[in-house]
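The chain contents come next:
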Amino acid sequence: MASSTVLTPGFSFQLTEEQLAVQAAAREFANSELLPGVIERDELQKFPAEQIKKMGELGFMGMMVDPRYNGGGMDSISYVLAMEEISKIDASASVAMSVNNSLVCWGIEKYGTEEQKQKYLTRLATGEIIGAFCLSEPEAGSDATSQKTTAQDMGDYYLLNGTKNWITNGNSASVYIVIAQTYPEKGHKGINALIVEKGTPGFVVGKKENKLGIRGSDTHSLMFTDVKVPKENRIGEDGFGFKFAMSTLNGGRIGIAAQALGIASGAYELSLKYSKERKAFGKEISQHQAIQFKLAEMATNIDAARLLCLQAAYLKDQHADFTKASAMAKLFASKVAMEVTVEAVQIHGGYGYVKEYHVERLMRDAKITQIYEGTSEIQKIVISREILK
Ligand SMILES: Cc1cc2nc3c(=O)[nH]c(=O)nc-3n(C[C@H](O)[C@H](O)[C@H](O)COP(=O)(O)OP(=O)(O)OC[C@H]3O[C@@H](n4cnc5c(N)ncnc54)[C@H](O)[C@@H]3O)c2cc1C
């Protein structure tokens, strides 16, 4: 029987000293290094390259990687806590962090060869280089089985041809995990996952997307024309690529759920503070019941989203099945992020509609959490499949 939604035995509401220290370090970093310039980066669509370097030095880019490969050796709960703090301030920085940690580092550590780990993971885990995860295509988004990119088996190498769309860290990455079809007749069982280095002949980074939100994030299309990828760069067995992608995205959803949580809690904290400062009709707006009720609903939904995120992280740390839990966390936290940020703009009135008060950016940033790493509709498919099996 599928496990119930009740927190699993052993789950503790008490954070450890180490988890609290990670949370405090992330909060301090976000306020001192990400907050200055976040509005400008959003406006100019500027990738936070220097900040990401520093995040790497502080251990935020390979948090869960084994210290043998230069990682932080931390648990997923610490990762959720850090993601929330970084996302409160800069969701463009946190998506780079999420992709590098949960998709690229985790994917290579879990399924890669020792040589791949030594060659790539040791540098990805410190943020010396960053990675990208390339599954989506112009005609393959939610339906990821419809891969048109091909990886033709040429003996000791693959010949890669095709286009990937919407790739986070698209231009800033050095290492790309590319999903491609080797045996079209086998459908999703014929797909492979290949590690492709930037600068490989035939690999071109295409146009940068001009986005509604997470504008500091570096989203590009990528083109591959007769790109030779050595066989030793394949992750897992021949034909394992689709399973690899689905398994990796399962964990990635915890990162995006935590990003949504952070966007929501950032907007809530700003709203709470503003409501105690702004006066209307002779009293702080926090003294009007309409505003109090908004704050009460925001706080309740944020706490519920946080519990779902921590539950998914806890199950992952226990090596238990977290498929349903991570989909629920992402579905709910992203909905909360959208609702809370809209209300945050409302609480700020006209000031909420201008850049200086941050909440309009958080509202724009929130929307993507309902779309990438599986839309909300896809999360419902995953959850219902788990409930009904
Ligand atoms: C800023 C940004 C960054 C991204 N980063 C990456 C990245 O780093 N790597 C990567 O590989 N991809 C990335 N993506 C792609 C993202 O994962 C896809 O956009 C997403 O999976 C949806 O695919 P699609 O855009 O093709 O929409 P579609 O799949 O065409 O969906 C359109 C609509 O139909 C709904 N729908 C589709 N199928 C069903 C169904 N069976 N039942 C019910 N509803 C359905 C969807 O939920 C959606 O509402 C990124 C996208 C953006 C915008």
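Quick notes on the rules
Residues numbered from 1 in each chain as written. Predicted model: local features only at pLDDT ≥ 70, side-chain atom pairs only at ≥ 80, totals over all residues. Heavy atoms only, no water. UniProt positions renumbered as here; feature names shortened; annotations may be inferred. Phe/Tyr/Trp six-rings, centres within 6.5 Å; stacked < 30°, edge-to-face > 60°. Lys NZ or Arg CZ within 6 Å of the ring centre and 35° of its normal. Patch = residues over 30% accessible without salt bridge, like charges linked within 9 Å, V, L, I, M, F, W, Y side chains within 5 Å. Areas by Shrake-Rupley, 256 points an atom, 1.4 Å probe, with all protein chains shown as cover. Salt bridge = Lys/Arg side-chain N within 4 Å of Asp/Glu carboxyl O. Lys, Arg positive; Asp, Glu negative; His and termini not counted. Charge placed at Lys NZ, Arg CZ, Asp CG, Glu CD. Helix = DSSP H or I, 4+ residues; strand = E, 2+ residues; numbered from the N terminus. Disulfide = S-S within 2.5 Å. Near = heavy atom within 4 Å. Polar contact = N/O pair within 3.5 Å; in protein donor to acceptor, adjacent residues only side chain to side chain. 1 Å grid on protein atoms, 1.4 Å probe; cavity = no way out; pocket = protein on both sides within 12 Å on 5 of 7 lines; lining within 4 Å. Sits in = over half its atoms within 2 Å of the grid points. Contact = heavy atoms within 4.5 Å. Points joined across faces, edges and corners; volume = space filled by probe spheres on them. Nonpolar A, V, L, I, M, F, W, Y, C, P; charged D, E, K, R; others polar. Core = buried A, V, L, I, M, F, W, Y, C linked by side-chain atoms within 4.5 Å. Buried < 20%, exposed > 50% of the residue type's maximum accessible area, 1.4 Å probe, protein only. Expected span 1.5 Å × (residues − 1). Pairing = 2+ DSSP bridges.

- You'll find the chain entered in an unreviewed UniProt entry as Acyl-CoA dehydrogenase, with Rhodocytophaga aerolata given as the organism.
- Regarding the chain, the UniProt comment filed under Cofactor (unreviewed entry) reads as follows: "FAD".
- Quoted verbatim from the Sequence similarities (unreviewed entry) heading of the UniProt record, the comment on the chain is "Belongs to the acyl-CoA dehydrogenase family."

**Thoughts on the packing of aromatic side chains**
And step 1. For the structure on display, the rule yields nine aromatic pairs.
And step 2. Here the aromatic residues Trp106, Tyr111, Phe133, Phe240 and Phe244 are joined through ring pairs into a cluster of three or more.
And step 3. Sitting over the face of the ring of tyrosine 157, lysine 228 holds its NZ or CZ atom 5.1 Å from the ring centroid.
And step 4. Here the guanidinium or amino end of lysine 231 rests over the ring plane of tyrosine 158, the centre of that ring lying 5.2 Å away.

**Considerations on a negative patch on the surface**
And step 1. A cluster of acidic side chains, namely Glu114, Glu115, Asp156 and Glu232, defines a negative patch on the protein surface.
And step 2. Relative to the helices and strands, glutamate 115 resides in helix H6 (residues 114-124).

**Some details on the UniProt feature "domain: Acyl-CoA dehydrogenase/oxidase C-terminal" (unreviewed entry) in the chain**
And step 1. Taking the numbering used here, the UniProt-annotated feature "domain: Acyl-CoA dehydrogenase/oxidase C-terminal" (unreviewed entry) corresponds to residues 241-387.
And step 2. Between the C-alpha atoms that bound residues 241-387 there is a distance of 26 Å. The span itself is 76% helix and 3% strand.

**Focus: the state of the cysteines**
And step 1. Across all of its chains, the model carries zero disulfides by this definition.
And step 2. With no disulfide of its own, cysteine 105 has cysteine 134 as its nearest cysteine by sulfur position, at a separation of 14 Å.

**Overview of the site of the ligand**
And step 1. Residues in contact with the ligand amount to 19 residues; listed here are only the nearest, Ser136, Ser142, Trp166, Thr375 and Glu377.
And step 2. Within the contact set of the ligand, a nitrogen atom lies 2.8 Å away from a backbone nitrogen or oxygen of phenylalanine 133.
And step 3. Serine 142 places a side-chain nitrogen or oxygen 2.6 Å from an oxygen atom of the ligand.
And step 4. Coverage of the ligand by the protein amounts to 64% of the 980 Å² it exposes when considered alone.
And step 5. Because more than half of its atoms lie within 2 Å of the grid, the ligand is assigned to the largest pocket.
And step 6. Taken together, the elements giving at least two residues each to the shell around the ligand come down to strand E1 (131-134), strand E3 (157-168) and helix H11 (376-388).
And step 7. Take the shell around the ligand: its biggest share by element is three residues, from E3.

**Looking at the environment of asparagine 101**
And step 1. Its location among the elements puts asparagine 101 in helix H5 (residues 91-111).
And step 2. Here the alpha-carbon distance between asparagine 101 and leucine 15, two residues 86 residues apart in the chain, equals 21 Å.
And step 3. The contacts of asparagine 101, once residues within four sequence positions are left out, are Phe60, Met61, Gly62, Met63, Met64, Tyr79 and Trp106.
And step 4. A polar contact is formed between the side chain of asparagine 101 and the backbone oxygen of methionine 61, at a distance of 3.5 Å.

**As for the layout of surface pockets**
And step 1. Counted as a void, the largest pocket has a volume near 1,200 Å³.
And step 2. If you go around the largest pocket, you meet 44 residues; those closest to its centre are Ser136, Ile371, Tyr372, Glu373 and Gly374.
And step 3. At the level of secondary structure, the elements contributing two or more residues to the lining of the largest pocket comprise H5, E3, helix H7 (241-277), helix H10 (359-366) and H11.
And step 4. With seven residues, the single largest contributor to the lining of the largest pocket is H7.
And step 5. Grouping the amino acids of the lining of the largest pocket by side-chain chemistry returns 20 nonpolar, 14 polar and ten charged.
And step 6. Its volume calculated, the second largest pocket comes out at about 350 Å³.
And step 7. Lining of the second largest pocket is provided by 14 residues; of these, Trp106, Lys110, Lys316, His319 and Phe322 occupy positions nearest its centre.

**A closer look at the nonpolar core**
If you look at soluble globular proteins, the nonpolar side chains tend to sit buried side by side.
And step 1. Residues Met55, Phe60, Met97, Ile108, Phe133 and Ile177 are the most contacted members of the largest nonpolar core, which totals 94 residues.
And step 2. A per-element tally of this core places H7 first, with 15 residues.
And step 3. Setting aside chain neighbours within four positions, we find phenylalanine 60 in contact with Val22, Ala25, Ala26, Phe29, Met55, Ala82, Met97 and Asn101.
And step 4. Among the nonpolar cores identified, the runner-up in size contains 17 residues, and Ala151, Leu194, Val196 and Phe203 belong to it.

**Some points on the pattern of salt bridges**
Opposite charge on two side chains allows them to pair when their charged atoms are near.
And step 1. In this structure the tally under the stated criterion is 21 salt bridges.
And step 2. Arginine 364 is the partner of glutamate 360 in a salt bridge, and the nearest nitrogen-oxygen pair spans 2.9 Å. With glutamate 360 and arginine 364 both in helix H10, this residue pair falls four residues apart, about one helical turn. Neither glutamate 360 nor arginine 364 differs from the other in exposure class; each is buried.
And step 3. Through salt bridges that share partners, Arg27, Glu85, Lys88 and Glu269 make up one connected network.

**With respect to helix H9 (residues 323-347)**
And step 1. The end-to-end C-alpha distance of H9, which contains 25 residues, comes to 36 Å, matching closely the 36 Å that a straight helix rising 1.5 Å per residue would cover.
And step 2. With 19 of 25 residues buried, H9 is to be regarded as a mostly interior element.
And step 3. A positive backbone phi angle near 60° is found at glycine 349, which sits one or two residues after H9.

**Side note on unusual backbone geometry**
And step 1. One non-glycine residue, asparagine 70, adopts positive backbone phi at about 75°.
And step 2. Among the secondary structure elements, asparagine 70 is positioned in the loop between helix H3 (49-57) and helix H4 (76-89).
And step 3. Of note, isoleucine 214 is a non-glycine position whose phi angle comes to about 30°, a positive value.

**Things to note about the pairing of strand E4 (residues 175-181)**
The side chains of a regular strand alternate, first on one face of the sheet and then on the other.
And step 1. With seven of seven residues buried, E4 lies mostly within the body of the structure.
And step 2. Of the two faces of E4, both are covered, the one formed by Val175, Ile177, Ile179 and Gln181 as well as the one formed by Tyr176, Val178 and Ala180.
And step 3. Sheet topology places E1 next to E4; four bridges connect them, and they run parallel. Looking at the pairing, glycine 131 lines up with valine 175 of E4.
And step 4. Pairing analysis gives seven bridges linking E4 to strand E5 (residues 191-197), with the strands arranged antiparallel.

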